[in-house]
Amino acid sequence: MKTNVLGIQFDNLTREEARQAGGELLRGSDFHYVVTPNPEFLLAAEKDLEFQKILNRADLVLPDGIGVVYSAKILGTPLKERVAGFDFACDMLEELNEMGGRLYLLGAKPGVAEEAAARIVEKHPKIVICGTHDGYFQESDPVAREVAAAQPDLLFVCLGAPKQEKWIARFGLLTGAKLAIGLGGALDVFAG
Ligand code: UDP
């Protein structure tokens, strides 16, 4: 069941429930994507209907900001809890590690994704880093082909919103990933 907050249909899940749902998508055979809107997303989506549609078509829409959770409460349709994009990403890495799966990191300034990859593998040694690419490219098609050639199960797209969600909507299927997640500045955090 979805919970509407200012035009965005959120999944009303605990972090643990989101982890289970994401884990199933990751182990499935088709492409899926997850978005993690915070209050800035909601403001942007009010003025950008393409962005709004992309958010609402996601397989999981998780409330990243506490502001989203407060808004839902005030609107009389409370959400169970905040599910931060970064926490969800950490949970998907644990799932991927259990699977011995493949991870591609796309986004951030040159060198950051490689640094993040090294940190992730230290913690999750069974994950295979199948590729990285910085987020400052001109042409998306070659990047999508590079990602596809690397055959990832899990793809983090960290280009900032709404760029990352638009990229996922346009190129996600081409990448052949099982699960793509738009994660903003997460690679900078993983890189430390
Ligand atoms: N970024 C990128 N390509 C761009 C613009 C931004 O890779 O064309 C990266 C930026 O380096 C940062 C990330 O996107 O790592 C998210 O930026 P921001 O902090 O603005 O996003 P938020 O986490 O607030 O959504």
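Look up: the structure comes first, before these words.
We now turn to the structure provided with this report. Since the structure is predicted, the reported quantities are computational estimates derived from the model, not experimental observations. (Residues numbered from 1 in each chain as written. Predicted model: local features only at pLDDT ≥ 70, side-chain atom pairs only at ≥ 80, totals over all residues.)

## Brief notes about the packing of helix α2 (residues 39-47) against helix α3 (residues 49-56)
Here comes step 1: Put simply, α2 and α3 touch, their axes get as near as 6 Å, and they point 125° apart. Looking at the two axes, α2 sits oblique to α3. Contacts from Phe41, Ala44 and Ala45 in α2 reach Phe51, Gln52 and Leu55 in α3.
Here comes step 2: Residue composition of the contact of α2 with α3, by class: five nonpolar, one polar and no charged. (Axes fitted to C-alpha atoms, helices over the stretch in contact; angles between N-to-C directions. Helix = DSSP H or I, 4+ residues; strand = E, 2+ residues; numbered from the N terminus. Parallel < 35°, antiparallel > 145°, perpendicular 65-115°, else oblique. Contact = placed C-beta atoms within 7 Å. Nonpolar A, V, L, I, M, F, W, Y, C, P; charged D, E, K, R; others polar.)

## Let's talk about unusual backbone geometry
Here comes step 1: Backbone torsion omega between alanine 161 and proline 162 reads 5°, so that peptide bond is classified as cis.
Here comes step 2: With respect to the secondary-structure elements, proline 162 resides in the loop between β7 (154-158) and α8 (163-175).
Here comes step 3: Phi at alanine 108 takes a positive value of approximately 70°, unusual for a residue other than glycine.
Here comes step 4: Positionally, alanine 108 belongs in the loop between β5 (102-107) and α6 (112-123).
Here comes step 5: Here glutamine 151, not a glycine, exhibits a phi torsion of approximately 50°, which is positive.
Here comes step 6: Within the fold, glutamine 151 resides in the loop between α7 (140-150) and β7.
Here comes step 7: Glutamine 151 gets classed as partly exposed once you count the C-beta atoms within 10 Å, which come to 14. (Buried ≥ 20, exposed ≤ 12 C-beta atoms within 10 Å, placed from the backbone.)

## Regarding the site of the ligand
Here comes step 1: Lining the immediate surroundings of the ligand are 14 residues, of which Ala108, Gly135, Gly160, Gly184 and Gly185 lie closest.
Here comes step 2: Per-class residue counts for the shell around the ligand are six nonpolar, five polar and three charged. (Near = placed C-beta within 6 Å.)

## Some remarks on α3
Here comes step 1: Restricting attention to buried positions, one finds in α3 the residues Phe51, Gln52, Ile54 and Leu55. For α3, the buried positions fall inside an angular range of 165° around the axis, keeping them on one side. Facing away from the buried side of α3, by more than 90 degrees, are the exposed residues Leu49, Glu50 and Lys53. (Arc of directions from axis to C-beta.)

## Focus on the pairing of strand β3 (residues 32-35)
Here comes step 1: Examined bridge by bridge, β3 and strand β8 (residues 179-182) share three bridges and lie parallel to one another. Directly across from tyrosine 33, in β8, lies its bridge partner alanine 180.
Here comes step 2: Where β3 lies against strand β4 (residues 60-61), two bridges are found, and the strand directions are parallel. When the sheet's bridge partners are listed, valine 34 is paired in β4 with leucine 60. (Pairing = 2+ DSSP bridges.)

## Overview of the sheet that holds β4
Here comes step 1: Spatial ordering of the open sheet is given by β4-β3-β8-β7-β5-β6, a layout of six strands whose pairing is parallel. What marks the edges here is a single partner per strand, and that holds for β4 and β6 (128-133).
Here comes step 2: The strands that α7 touches are β5, β6 and β7; relative to β6, the one it contacts most, it runs at about 170°.

None of the figures reported here should be taken as evidence of function without further support.
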